[in-house]
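# Summary of the model geometry
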Amino acid sequence: MTLALQFAMAGEAAPFLARGDFRRLEADAVYGFEFHEAAGVVVGVAGAHPRFKVDSIGTVPAVLLAHTLVTRFKATRIINAGTAGGFESRGGVIGDVYLGADAVVFHDRRVPLAGFEAMGRGHFPVECDVALAKRLGLKLGVVSTGDSLDCTDEDAKQLAALGASVKEMEAAGIAWVCERHGVPLVLLKALTDLVDHHASTASQFVENYALATTRLAEKLVEVVAHHSSWRPSR
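Below is a short write-up of the structure. (Residues numbered from 1 in each chain as written. Predicted model: local features only at pLDDT ≥ 70, side-chain atom pairs only at ≥ 80, totals over all residues. Heavy atoms only, no water.)

## Comments concerning the overall build of the chain
Counted only if it meets this: Secondary structure elements are defined from DSSP: runs of H or I of at least 4 residues count as helices, runs of E of at least 2 residues count as strands, and each element is numbered from the N terminus. Atoms considered for the radius of gyration are the C-alpha atoms alone. The globule rule reads 2.2 Å times the number of residues to the power 0.38. The cut-offs for exposure are 20% and 50% of the maximum accessible area for each residue type, with area from a 1.4 Å probe on protein chains only; residues under the lower value are buried, those over the upper are exposed, and the others partly exposed. Here the Shrake-Rupley method, with its probe set to 1.4 Å, supplies the accessible areas, and only the displayed protein chains count as covering residues.
Along its length, the chain carries seven helices and 10 strands. At 17 Å, the chain has a C-alpha radius of gyration in line with the 17 Å of a compact globule built from 234 residues. Referenced to the eigenvectors of the C-alpha coordinate spread, the extents of the chain come out at roughly 45 × 40 × 35 Å. Burial statistics for the chain: of 234 residues in total, 53% are counted as buried. For the chain, the exposed surface amounts to about 10,500 Å²; the carbon and sulfur share of it is 56%.

## Some thoughts on the packing of aromatic side chains
Two aromatic rings are characterised by how far apart their centres lie and by the angle between their planes. The condition that has to hold: Stacked, tilted and edge-to-face are the three classes assigned to paired rings of Phe, Tyr and Trp, where Trp is represented by its six-membered ring and a pair needs centres within 6.5 Å; plane angles under 30 degrees give stacked, over 60 edge-to-face, the rest tilted. Comment: the charge-over-ring label is applied if NZ (Lys) or CZ (Arg) is within 6 Å of the ring centre and within 35 degrees of the ring normal.
Within the structure shown, the criterion is met by seven aromatic pairs. Taking 5.4 Å as the distance between ring centres and 20° as the angle between the ring planes, the aromatic pair formed by Y31 and F33 counts as stacked. Note on Y31: relative accessible area 41%, which makes it partly exposed. In this structure F33 comes out as buried when scored by relative accessible area, which is 1%. Ring plane angle 80° and centroid distance 6.3 Å describe the contact between F106 and F124, whose orientation is recorded as edge-to-face. Here F124 lies in strand β7 (residues 124-125) and F106 lies in strand β6 (residues 97-106), a separation of 18 residues in the sequence. Taking relative accessible area as the criterion, F106 reaches 6% and is therefore assigned buried. Given the relative accessible area of 5%, F124 is considered buried. Each residue in the set F16, F22 and W230 is aromatic and connected to the rest through ring pairs, giving one cluster. When the ring centre of F87 is taken as reference, the NZ or CZ atom of R90 above it lies at 4.0 Å.

## What to know about the packing of helix α1 (residues 10-17) against helix α7 (residues 201-227)
Just so we agree on the cut-off: Axis lines are fitted to C-alpha atoms, over the contacting stretch for helices. Their N-to-C directions set the angle, which ranges from 0 to 180 degrees. In what follows, roughly perpendicular refers to angles from 65 to 115 degrees, roughly parallel to angles under 35, roughly antiparallel to angles over 145, and oblique to any angle outside these ranges. Crossing handedness: left-handed means the near helix sits turned counterclockwise from the far one by under a right angle, and right-handed means the same turn made clockwise. The contact rule is simple, with two residues in contact once any of their heavy atoms fall within 4.5 Å.
For the pair α1 and α7, the least separation of the axes is 8 Å and the interaxial angle reads 50°. It follows that α1 is oblique to α7 by the angle criterion. Read as a crossing pair, α1 and α7 show a hand that is right-handed. Contacts between α1 and α7 involve G11, E12, P15 and F16 on the former and, on the latter, Y209, T213, L216, A217, L220, V221 and V224.

Any link to function would need more than the numbers given here.
Right, dumping it as C-alpha cells:
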C-alpha cells in the first residue's frame, strides 16, 4: 500500500519534507512534477511551470499529478494538503487547519443544462475521520474548488449555497481522478486568508502564507503517521 501526498506549491510541501528523510526521485520529464519518497510515502509536488516560472497551481496540473500518483506510484490513498481561503462568517481563523468533510465540490462550474449542472458541481466523496480530527484539533468543513484566487459575487453566492467552509484551487480536480480509480482522498487545508474579510485575498495570502504552511506541516505529520508507518525524523 502506498500513501501519496499531493501539493500544488513547493512552499506548501517544504515544511513537511524538512521533517523527514525524503529521497528525491526522478521528476516527470514532460510536466516537471517533483517526487520524493520515504518509508512507503510518496510526495508529489506540481512544480514550477517552465515558461511562467511560478508554481503550477489550479485544477489542470492537479488532475495530471493525481493521475500520475495513482498510475505510476500505485497510490492507494491520496492526501491533498495545501493552503486555502476560509470564511470569517463561518468561524474561520487564519492558520486554522481543516479536514475536508462530506464532499468536495466545484463552485465556479456553472452549466445550467439538464444533467450537466450536477456534473459541474461534482460532489465527489472524501474520507473524513471525525475522531482523528477531534484528536488533532482540526476543523471540519466542505472544501470547494475554483480556478481563480479571487471570489466574485456569483462565486460567493455559490459557495454559500454549497455550504463551503474552505475555498481553494485543486481538490475537486484531484477528487475527480480518485473517484474514477476508487482511491480514497483526504483533504487537509490551512487558511491563509478569509474570503469575506475587507482585505484583498492576495495581500492576506502573502502575509499569512508562512504561518499557514507551518501549521499545515504540523498537522500533516500527525495525519500521515496515522495512515502509514512513516514517522518524522526531525
